[in-house]
Structure formats: structure tokens, C-alpha cells
Amino acid sequence: NNQASSIQLDATAQSAAASDKKYETQLGILRSKYVAWDVIKRLRLYDSPEFVGRPVTSTTVDPDKIPIGVQVSLTSHFLNGLDVSFERGTEIAQIQYKSTDPRLAANIANEIAESYIDRNFQTRYATTQKASNWLNGQLEGLRKSVVEADQKFADFQKKTGLLEADLHNPTIDMLLQLNTALG
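Caption draft 1: Structural detail: the overall build of the protein. A tally of regular secondary structure across the protein gives six helices and three strands. The order of α-helices and β-strands along the protein, N terminus first, is β-α-α-α-α-β-β-α-α. Classification of the 183 residues of the protein by burial places 29% in the buried group. Summed over all atoms, the accessible surface of the protein reaches about 12200 Å², with 54% contributed by carbon and sulfur.

Caption draft 2: Structural detail: the pairing of strand 3 (residues 92-98). Pairing of strand 2 (residues 82-86) with strand 3, which is carried by five bridges, proceeds in the antiparallel orientation. Directly across from V84, in strand 3, lies its bridge partner I95. The turn joining strand 2 and strand 3, which pair antiparallel and follow one another in sequence, is formed by five residues; a positive phi near 75 degrees is taken by G89.

Caption draft 3: Summary view of the pattern of salt bridges. Under the criterion given, the structure shown has six salt bridges. Of the charged contacts, one joins D64 and K41 as a salt bridge, the two residues approaching to 3.3 Å between their closest N and O atoms. Of the two residues, D64 is situated in the loop between helix 3 (49-52) and helix 4 (68-80) and K41 in helix 2 (residues 33-42); the sequence distance between them amounts to 23 residues. The class for K41 is partly exposed, based on a relative accessible area of 25%. As a salt-bridge pair, R42 and D118 come within 2.5 Å of each other at their nearest N and O atoms. Of the two residues, R42 is situated in helix 2 and D118 in helix 5 (residues 102-160); the sequence distance between them amounts to 76 residues. Classification of D118 by relative accessible area gives partly exposed; the value is 27%. When salt bridges with common partners are traced through the structure, they connect D38, R42, E111 and D118 into a single cluster.

Caption draft 4: Seen up close, the environment of R119. Residue position: R119 is located in helix 5. Given a relative accessible area of 26%, R119 falls into the partly exposed group. Considered as a pair, R119 and Y34 are 85 residues apart in the sequence and their alpha carbons are 9.5 Å apart. With residues near it in sequence (within four places) discarded, R119 still touches I29, Y34 and V35.

Caption draft 5: Expanded view of the packing of helix 5 against helix 6 (residues 170-182). Following both chains from N to C, one finds helix 5 and helix 6 inclined at 165 degrees, their axes separated by 10 Å at the closest point. Here helix 5 lies roughly antiparallel to helix 6, going by the angle between them. For the crossing formed where helix 5 meets helix 6, the hand is left-handed. Mapping the contact onto sequence places L139, R143, V146, V147 and D150 in helix 5 and T171, I172, L175, L178, N179 and L182 in helix 6. Class assignment for the residues of the contact of helix 5 with helix 6 results in seven nonpolar, two polar and two charged.

Caption draft 6: Region of interest: unusual backbone geometry. The backbone phi angle of R44 is positive, close to 50 degrees, even though this residue is not glycine. With respect to the helices and strands, R44 occurs in the loop between helix 2 and helix 3. Looking at R44, the relative accessible area reads 34%, which means it is partly exposed.

The rules behind each value
- Residues numbered from 1 in each chain as written.
- Predicted model: local features only at pLDDT ≥ 70, side-chain atom pairs only at ≥ 80, totals over all residues.
- Heavy atoms only, no water.
- Helix = DSSP H or I, 4+ residues; strand = E, 2+ residues; numbered from the N terminus.
- Buried < 20%, exposed > 50% of the residue type's maximum accessible area, 1.4 Å probe, protein only.
- Areas by Shrake-Rupley, 256 points an atom, 1.4 Å probe, with all protein chains shown as cover.
- Pairing = 2+ DSSP bridges.
- Salt bridge = Lys/Arg side-chain N within 4 Å of Asp/Glu carboxyl O.
- Contact = heavy atoms within 4.5 Å.
- Axes fitted to C-alpha atoms, helices over the stretch in contact; angles between N-to-C directions.
- Parallel < 35°, antiparallel > 145°, perpendicular 65-115°, else oblique.
- Left-handed = near helix turned anticlockwise from the far one by under 90°.
- Nonpolar A, V, L, I, M, F, W, Y, C, P; charged D, E, K, R; others polar.

Spelled out as C-alpha cells, the structure:
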């Protein structure tokens, strides 16, 4: 029995060639060993007689402690039952899993979609976090430069006696407001 699950992938590429490349990348992720092992762990397929014939473990164990050779074997077995493709003319990936148990096949197909969505969210979150950290570092550097420049200007004013030092600095106030808004 084949059970299918569908998910719609983002389409942001401008050209057909770029879109095709993006879609192939997304299909590659859906077919990846990372997603396969994640689904095996989530559904505890290593302990499922319907999946492996006989459970790999005799007791409940951390699946990441299963010997690497067994993990590779389970992942290969998993990927042999998987078929992922795009529906022609759409951005929808068709996920099918072959199993003698239709309920297990449906659960696996659905869990592949969930794992893919979770992975995309985690990747985007990590990328956003890195960008935010970089921007905060840049902002801190700019803040220090402005404070130093303002201090040099105030020192110059005092030294030359041209102007009274202004205790209220609009540039610093604006940076503090921006920092508060970003924080």
C-alpha cells in the first residue's frame, strides 16, 4: 500500500531554472538521511515490528545510542520505501511511503512532512538569530564610535572655548531609543 502526504513548498525563485534547482534541493532534503533518521526516532520505528520485522532494541533506549551500523541499515530500509516528487506544474511535493501496513505508511508520510517543516523552521530561526546577533554587534560598534566622536567633540569644545558642552546629545538619545526598540 502507498500512502501519500502533500506539502506546499515556498516558491521565491524568479526563473524556471532557479525554481527547478530549488525544488530539487527541497526534494533532496525530504529524501535526506537527516529527515529519515528523525522520522525513525519520532515514530520509534526501530522498535516497530511492522517496520523492521523484529525490534532492534530489547528495551527502551535512546535511539541515538543505537549502533551506527544499525542506524545506517534502518535509514537505508526507510529510504527504500520512500518516493518524493513534485506534482507537475505545482509547488506541491507528493510524499509516498510503501509499506504492507497502510496506517504505518500514512504515519510515515505525514511525519516526513512534519520533520521537513520543523527543519525549515529551525534553519530559518537559526539564520535569523545569526543575523540579529551580527546586527546587534554592528549596532554596538556604531554606538561606541558615536560616543567616542561625541566625547572628542565635547573635549574640543571645552578646549577651544567655542561652545559650551551640550549635556543633552540627540544622537545618543536616538541610539538609546533604537537600542530599546530592538531589545
